Structure formats: structure tokens, C-alpha cells
Amino acid sequence: MLEEGRITYKQLILLIFLSRIIVTINYLPALNEPPLNQDVWLSELLFFPLQLLLALPVYILWKRFPNQTIIQYSQIIAGKLGKLAGVLIIWYFLHSTAISLAQFSLFLTSAVMSETPILFFALTLVLVCAYATRKGLEVISRLSELFAPLIIITFISVTFLLAKDMNLKTLTPILEKGVLPVFNGSLIYSARSVEVLGLAMLLPYLNNRQKVKRVFILSFGLISLFFVLITIPVLTVFGVTEARRLTFPDYSVIQLVNVGDFLERIESVHMAIWILGTFIKVTFLYYLTVLGLSQLLNLKDYRPLILPTGTILIPLSLLIAPSLVELEAFTSYKIFVWYSFFFILLIPSLLVLTAIIRKKG
Amino acid sequence: MKKLIPIYIFCILLSSMLTGCWNRREIDTLAIVQALGIDRAEDDQVSFSAQILKPSQVKASEKGGTGVWVVTSTGETVFDAIRNAALKTDRKLFFPHNKVIILSEETAKAGITPLLDFLRRDNEPRRLAYVFIARGKAKDILVGEHEQEKIPGKAIETLAKTSVITSHLPKRDLKDLLETLGSKTSSSVVPGIKIQKKIENGTSKEVVVLDDTAIFKKDKLIGWFDHTETRGLLWVLGEIKSGIIVVKSPKEETKNVSLEIIKTSTQLKPEITEGKLTITVQVKEEGNLAEQMSEVDLTKPDTFAELEKRQTTVIKEEIQATLTKSQAWGVDIFKFGEEFHRKYPQEWPKLEKNWDEEFPKVEVNLEVVARLSRVGISTTPMKPEESNK
């Protein structure tokens, strides 16, 4: 096998969790998606069951092929067409890595260091990620185990520090426009989860096969709760209208922390954990790309692919995001959701159908 | 040995990263802005003034000027004006420590949204800076002096914080102002600031004082509320933290009694019955007898009850006056619209469209419960005791 490492279910949960939340918390696209009002947090709670439902095909496929990744069993299920599915999935991983990379460097250039060339951020991050990827799955998942508590504790304490500025009245009226927009909202959030395919890639490397259900439930539950934890301070401190106009809502809200005129200007903490988190996310997707690619090409080792993939990643991230405006136009729900649904829902569902019809696995 | 060469090269490459980043700015190249003011210049240009910290002056001995320097520049836009300041300062203006934003009355009348965009968009200014509307020119406020502080910007900031105890002025930072400016129905209020001329030992001094409250319709200044009217507003908004209510003394109607506000809470209860909007404002207040200038003993149950009653009347009158005025001006400074939105989301879209017409028609019920609980550490006023006959 390509990857000898085994990970525990806790590590996998935290890896999925960090990868899903970290970029989202900074851009908080949820504010500009249906339901477009104070019901956002309800959508985020509803995200949990919906995401489980969307991940169902991946779970069924894992049941049939517990020892193989989606790239491997798609070839068993559908032969040549399965190979095409593998190529598409790898493209999706590569594209998602590039998007995260672009989001990382665009945030740093627009919010903090506006004169630094964007290439510098992309290059340094990719170099570090390439190193971590080279070290393999165990290292990446242990890193996430190390960083996740740090990130969780920071955000919980920030919420407490902001408590005095919050106006919880902003969250009412509940369900102003009815249930449908709330439902649409959660559908959109769950469509953004490239991590569903991440699970399809990493479940074979879990050391305890009994815990798979728990991985699904806990990781998506944690993500959903954390979304709410991030959104509520932003909504209640700024009010809905102003919150929606912020490019980096969470960064802006942390700038407002001021306890007794001495505990203030703590956005550097936010920067630090954000860089840690993005590093995990980019490494995770980067690893999935090279692992998938080597499985598709039947290579014995994925390491030779790391640097070539990195050299593709950087220009790709600059190409897809020449400016923040163009990146946001693409990642807005009107385009990205359909794009993403194709990979995370349509491909696995078709594979499940084919597997059942052709009685594979 | 050959194996080590790549490592050496890598280390050398790494060391090139240690030089710091592109945006490195040392403190001696920064002009730290403490307060900024925006005025209107001729030909529709923007005039920008900044109060810059002079570090050497701040630590200097007791006498000798303020610790700041005010630089003024003009430009087509706010940012243009700020950059033009670099023609006069040898250091680049640095905004993260800016504490005060002053807009002149004249610019406020023309609309403030265009002026505030830079402060929202740029990554340096903070949303915690207090906002004021200057009576007159913003620049004059910035050059005004303050006795207690070396840095006038800091003085204005503390003024804003301290003035809360009078409950005569609202306290608004940029974040609060942006919230009401972004609302479709609510109107913004901003405290005013002005220069008062003072003659002391033959030399005239210009002192900065906070005064009155600017009332906005959309983003345009339409008028001013005086101290009592502002308090009426703050009662409804529930922003009163402290303050003095002056009433006439029972039994000695020419003398005054001060009642100190200790605790207040406000609740708004909107209601729609047959298309008619009513809102109930419930104010609960708890106060202390803090001072009496009359000579009657007020610490008797009946006079105490009378004081409570008068306190209630004063609060009611204050609120009523403000309500009448703001409904006449058609400015929803009380955020009534938001309350209706919260309770009646179904009816709201219709109401929101013509809120300007609906708001003056809103009927307001006042329910004020004002209590007095303590009398301080002495009871009766000081006067020679009358001998018992």
C-alpha cells in the first residue's frame, strides 16, 4: 500500500473539522447566502443532518470497499469510466487546494500586509505544506490533533470576551422568511464540504473500523456547532446588515475585543491560529491530491509527485484568483455550489448505483 | 560532506527570510494619529486634519504645549487628502491608535456615508473610535486645548466615556454609527462637540466641550437635541447608566432636590391592532436622594413618596418631549422599527416600505416606574434644631 500510516478516529475527526471550518470562518460566506438574514445560525444547525445525508453515498461505498479509497474502488466499479471519475475527483482536490491557497494569500494581502507580493505568501505556505505532505498522513493528523484544541479554545474565549458587546435581540425574529430559505442555506453549506470526499479517501486508513459512524457524526456535529459559535458574535455585534458588508467578518469582530482598555488588539491571535488552520487545510487537500494521483497511476510511492503538484498549485491559485472580487464571484453560492455538488454528491451516488447494479464489492 | 551541501544552501536561503516583511514599519517612521477630523474645503474638496502624537513632547516637563501636532491637508477624496498629508509630515500617518473621529457640521449636513467609507474599508482604522459632530470646523476642535491631558485626542476619548455619568449625551463609536446608518428605518444620533472661548488671567483660551446631540435622517444631519431631549432619548434606548434628576422640593417649592439615577431598565413592547401601531415603553428606574437644597426633612414616608412621584413625572416629561419632537421630524432614533420587525415579521415588509409615514403615527404608551431607595449617609439637612416647645 502507498500509505502505511494509520490514524485514530479522533485525529480524523479533528482533521475533517479543521479543514472544513478554517477558511470558512474568515470569509464567512454564510452571511451572504440564503436565508440572508438573522436565521443564518439556524441554517448552520440544520447543516448537520443534511451533511450526514449528503455523505451517505460515501458511507455506503466504504461499507462495500472498506480497504480501498474512492480512487481505487471507482476503477473496480466502473472500469474506464471509474478512472475518469478518479481524474475528476483529483482535479477537484487540486482545485480546492488552489482555492484555499488563494484565500489564504488574499486575506493576508488585503487585511494585514497590503504591499507584500501575493506570490510570497503562496510560495512559503506551499513549501511548508509540501514538507508536511512528504512526512505522510500520520504527521498531518497529529498536527491537527495538536492545533485543534488551540483553535477551539481561542474561539470560545473570544466569544466570551465579546459577550458584553453582543446584542442578542439581533437574532430575532426567528424564521422570518419561513423554513425554505433556511433549508436552502444549509444545503449550500453542506455542498461546500470537500471533506466528504476527504473521508472517502481516508477511511481505509482508520485503525479502528468500528468507529466510522462516530467519525461521520462527531466531525459534522462539531463543524455545525463551531459555525454557530463563529456566526453569533459577528451577527450580534455588528447587526445583520453591517455584518454582511464585511469582507472578513470574524477578523473584524476580533478587532473589537476590548476588555477594560487593556485586553485589546488581539487580532494577532486570530492571525496566528488562522495561519495554523489554513496550513492544515492546504496540507490535507494537497496530500489527498498526491495520494489520489499516485493511486490512479498505480505508483509505488506518492512522494515524487509532491513538488510537481506544488509547482502546479501556485500558478493555479494565482490564475483562479487574480483578485478578491473574482475569487468571491466564483466561490459564491450561485456558482460554486453546483460545481461542488457534481463532485461530492453526483459522482459518489453514481458509483453507488453502478456498484449495486453490477454487484461489486 | 556532499550530503550536507543542500542543507547549507537551505539554511542560507532561510536566513534571507529573517529580514522581516515588506510592510515593516518602525515606530520612528510612523506618525501616530490620535484623532482625526474631516471638513469640507472649497471646490467640493475634502479637508482632512489629523492630530499626530509628538512622543518627545509627551514625556517632556510639565510646561510647554500639548503633545500633539495637527496637520491639515486637502484632496479630492478622504484617502487622497490623507496621502497629501505626506507632503507636510515626514512620517506616514498611522491609524490603528486613532481614538476619535470628528466630522464637521457642514459635512454632516451634506451626508456622512461617503466620508466614512475609507474608515470602514481600510485595514488600519478601528471601529472602536468615538465619533463626534463638530459645531463649526472639525479642525478647530483638534487644535483646541485640554487642561488635564497632554494629548487632546485622548482627552476627548475620556470625555466621551466620562460624560456617560451625566446621561446628557449618547456615546457612539464608529461601529454603533455604522449599524444605525446601515439600517433602513432607524436614524442615527451622534454627540456634538464644540469650542468654548474662556478668558483666564487675561489670555483667552479655547476649550473643548461636549454639547448637544446631532440627529440624522438617513446620513444627513437635520438638527440638534439639547441635554434634556437627549436624556429622553436615552431613557427609551435604555442607555442611561447614571445621572441627576432635579425636582422641586415638596413643601418648599422654590428649592431644588437632586436625585441620582442608580439603575434603569427599559423594555419596548410593540403591538399592531387593526393596522394601528402602538408601542409601550416601560421604564424602570431606581434612584437615591443625593442632595437637597431645601430645609425640610424629606426622609419621611409621605415626602419620600411625593419625591418618587415627581421623579416619575420628570422622566415621563423628558421622554414625551423627545418623542413629540422626533415624530415631528420623522426620525426613528428609538429603533421602534426594529422592534416591530422583531415582533411582526409578517407585516414588516409592508411597514418597512413606508416607515417614514408610519413612524410619526405610532402611538406611544409610557409606563414609568421610578423608585427611590436610599438617602445617603446623613438624613436631615443641616440647620439649627428647633427647641421643642
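Residues numbered from 1 in each chain as written. Chains lettered and ligands numbered in written order. Predicted model: local features only at pLDDT ≥ 70, side-chain atom pairs only at ≥ 80, totals over all residues.

Enquirer: Before we go on, may I ask you to explain the overall build of chain B in this structure?
Expert: Secondary structure assignment for chain B yields 13 helices and 13 strands. Taking 389 residues into account, the globule formula puts the C-alpha radius of gyration at 21 Å, and chain B, at 27 Å, lies well above it. Looking at chain B residue by residue over its 389 residues, the buried ones come to 37%. The long-range fraction of contacts in chain B, counting pairs at least 24 apart against all pairs at least 6 apart in sequence, stands at 71%. (Helix = DSSP H or I, 4+ residues; strand = E, 2+ residues; numbered from the N terminus. Rg over C-alpha atoms; globule rule 2.2 N^0.38 Å. Buried ≥ 20, exposed ≤ 12 C-beta atoms within 10 Å, placed from the backbone. Contact = placed C-beta atoms within 7 Å.)

Enquirer: Would you take a moment to explain the overall build of chain A for this structure?
Expert: Scanning chain A from terminus to terminus reveals 15 helices and two strands. For 361 residues, the compact-globule estimate of 2.2 N^0.38 gives 21 Å, and the C-alpha radius of gyration of chain A, at 20 Å, lies within 12% of that figure. With respect to the three principal axes, the spread of C-alpha positions in chain A is 60 × 45 × 35 Å. Here chain A holds 361 residues, and the buried ones make up 50% of them. Looking at chain A alone, contacts between residues at least 24 apart form 84% of all its contacts between residues at least 6 apart.

Enquirer: What exactly am I supposed to notice about the pairing of strand β10 (residues 244-249) of chain B here?
Expert: Along any regular strand the residues' side chains alternate between the sheet's two faces. All names here are of chain B. Looking at chain direction, β10 and strand β11 (residues 252-273) are connected through six bridges and run antiparallel. Bridged to Ile-244 within β11 is Glu-260. The turn joining β10 and β11, which pair antiparallel and follow one another in sequence, is formed by two residues; a positive phi near 70° is taken by Lys-251. (Pairing = 2+ DSSP bridges.)

Enquirer: Please explain the packing of helix α4 (residues 70-112) of chain A against helix α12 (residues 267-296) of chain A as it appears in this structure.
Expert: Think of two packed helices as two axes; the pair is described by the angle between the axes and how far apart they sit. All names here are of chain A. Where α4 contacts α12, the axes come no closer than 9 Å and their chain directions differ by 155°. With respect to α12, the element α4 is oriented roughly antiparallel. For the pair α4 and α12, the sense of crossing is left-handed. Residue composition of the contact of α4 with α12, by class: 16 nonpolar, nine polar and two charged. (Axes fitted to C-alpha atoms, helices over the stretch in contact; angles between N-to-C directions. Parallel < 35°, antiparallel > 145°, perpendicular 65-115°, else oblique. Left-handed = near helix turned anticlockwise from the far one by under 90°. Nonpolar A, V, L, I, M, F, W, Y, C, P; charged D, E, K, R; others polar.)

Enquirer: Help me understand the domain arrangement of chain B in this model?
Expert: You'll often see interface size given as the accessible area lost when the parts meet. Residue and element names in this part refer to chain B. Under the domain assignment used here, chain B contains domain 1 (25-225) and domain 2 (236-379). Put simply, the middle of domain 1 and the middle of domain 2, counted by C-alpha atoms, are 32 Å apart. Facing 14 residues of domain 1, the contacting portion of domain 2 comprises 15 residues. Going through the elements one at a time, β8 (203-217) and β9 (220-225) are the ones with two or more residues in the side of domain 1 that touches domain 2. Of the residues assigned to the side of domain 1 that touches domain 2, the class counts are six nonpolar, six polar and two charged. (Domains from an automatic or database assignment.)

Enquirer: Which parts of the structure should I look at to understand the interface of chain B and chain A?
Expert: Tallying the contact residues gives 15 residues for chain B and 17 residues for chain A. At the level of elements, α8 (174-182) and α11 (336-343) of chain B are the ones that each hand at least two residues to the side of chain B that touches chain A. The greatest single-element share of the side of chain B that touches chain A, amounting to four residues, is contributed by α8 of chain B. In the side of chain B that touches chain A, the residues fall into five nonpolar, five polar and five charged.

Enquirer: Help me understand helix α3 (residues 56-64) of chain A in this model?
Expert: Residue and element names in this part refer to chain A. Taken residue by residue, α3 has Pro-57, Val-58, Leu-61 and Trp-62 as its buried positions. Seen end-on, α3 carries its buried residues on one side only, within an arc spanning 140°. Elements that come into contact with the buried residues of α3 comprise α4, α8 (195-202), α9 (212-238) and α15 (333-357). (Arc of directions from axis to C-beta.)

Enquirer: In this structure, what is going on with the nonpolar core? I would like to understand it.
Expert: In summary, soluble globular proteins display a tendency toward joint burial of nonpolar side chains. In this structure, Ile-89 and Leu-197 of chain A are the most contacted members of the largest nonpolar core, which totals 117 residues. No other element matches the 18 residues that α4 of chain A contributes to this core. When near neighbours in sequence (up to four residues on either side) are disregarded, Leu-197 of chain A contacts Ile-70, Ile-89, Tyr-92, Phe-343 and Ile-344 of chain A. One finds Val-68, Ala-155, Leu-159 and Leu-178 of chain B within the second-largest nonpolar core, a separate group that totals 82 residues. (Core = buried A, V, L, I, M, F, W, Y, C linked by C-beta atoms within 7 Å.)

Enquirer: I keep staring at the environment of Thr-159 of chain A and nothing clicks. Help me out?
Expert: All names here are of chain A. Topologically, Thr-159 is positioned in helix α6 (residues 137-161). Since 15 C-beta atoms lie within 10 Å of it, Thr-159 is described here as partly exposed. Considering only alpha carbons, one finds Thr-159 and Ser-100, 59 residues apart in sequence, at a separation of 25 Å. Leaving out residues up to four positions away in the same chain, Thr-159 has contacts with Leu-229 and Pro-233.

Enquirer: Please clarify how the environment of Asp-211 of chain B should be interpreted in this entry.
Expert: Residue and element names in this part refer to chain B. The topology assignment puts Asp-211 in strand β8. For the pair Asp-211 and Lys-99, spaced 112 residues apart in the sequence, the C-alpha separation amounts to 19 Å. With sequence-adjacent residues up to four places away left out, Asp-211 is seen in contact with Arg-135, Gly-192, Ile-193 and Lys-194.

Enquirer: Please explain the packing of α3 of chain A against α15 of chain A as it appears in this structure.
Expert: Residues and elements named next belong to chain A. Packing of α3 against α15 leaves a shortest axis separation of 9 Å and a crossing angle of 40°. Here α3 lies oblique to α15, going by the angle between them. Judged by the sense of rotation from one axis to the other, the crossing of α3 with α15 is left-handed. Between α3 and α15, the residues in contact are Pro-57, Val-58, Ile-60, Leu-61 and Arg-64 and Pro-348, Ser-349, Leu-351, Val-352 and Ala-355, respectively. In terms of residue class, the contact of α3 with α15 is built from eight nonpolar, one polar and one charged.

Enquirer: Explain the sheet that holds strand β13 (residues 363-374) of chain B to me, please; I cannot follow it from the model alone.
Expert: Two modes of strand pairing occur in sheets, parallel and antiparallel, and in both the strands are linked by backbone hydrogen bonds. Residues and elements named next belong to chain B. Here four strands make up an open sheet; going across it, the order is β10-β11-β12-β13 and the pairing mixed. Looking along the sheet, the strands with just one partner apiece sit at the ends: β10 and β13. Ignoring strand direction, the axes of neighbouring strands in this sheet form an average angle of 35°. Two elements, β11 and strand β12 (residues 276-292), share 16 bridges in a ladder whose sense is antiparallel. Bridged to Lys-269 within β12 is Thr-280. Seen against the sheet, helix α10 (residues 301-329) touches β10, β11, β12 and β13 and runs at an angle of roughly 145° to β13.

Enquirer: Honestly, unusual backbone geometry in this entry has me stumped. Any pointers?
Expert: Negative phi characterises most residues that are not glycine, and trans characterises most peptide bonds. All names here are of chain A. Residue Pro-34 is joined to Pro-35 through a cis peptide bond whose omega torsion reads 5°. Here Pro-35 shows up in the loop between α1 (9-27) and α2 (40-54). Residue Pro-173 is reached from Thr-172 by a cis peptide bond, and omega for that bond is -5°. Residue position: Pro-173 is located in the loop between α6 and α7 (179-191). Unlike most non-glycine residues, Leu-28 shows phi in positive territory, near 40°.

Enquirer: What is the right way to look at the confidence of the model for chain B in this model?
Expert: Do not read the fine detail of predicted coordinates wherever pLDDT is low. Put simply, chain B has an average pLDDT of 87, and 95% of its residues get 70 or more. Scored as a whole, the predicted complex attains pTM 0.87, and scored at its interfaces, ipTM 0.83. (pLDDT = per-residue confidence, 0-100.)

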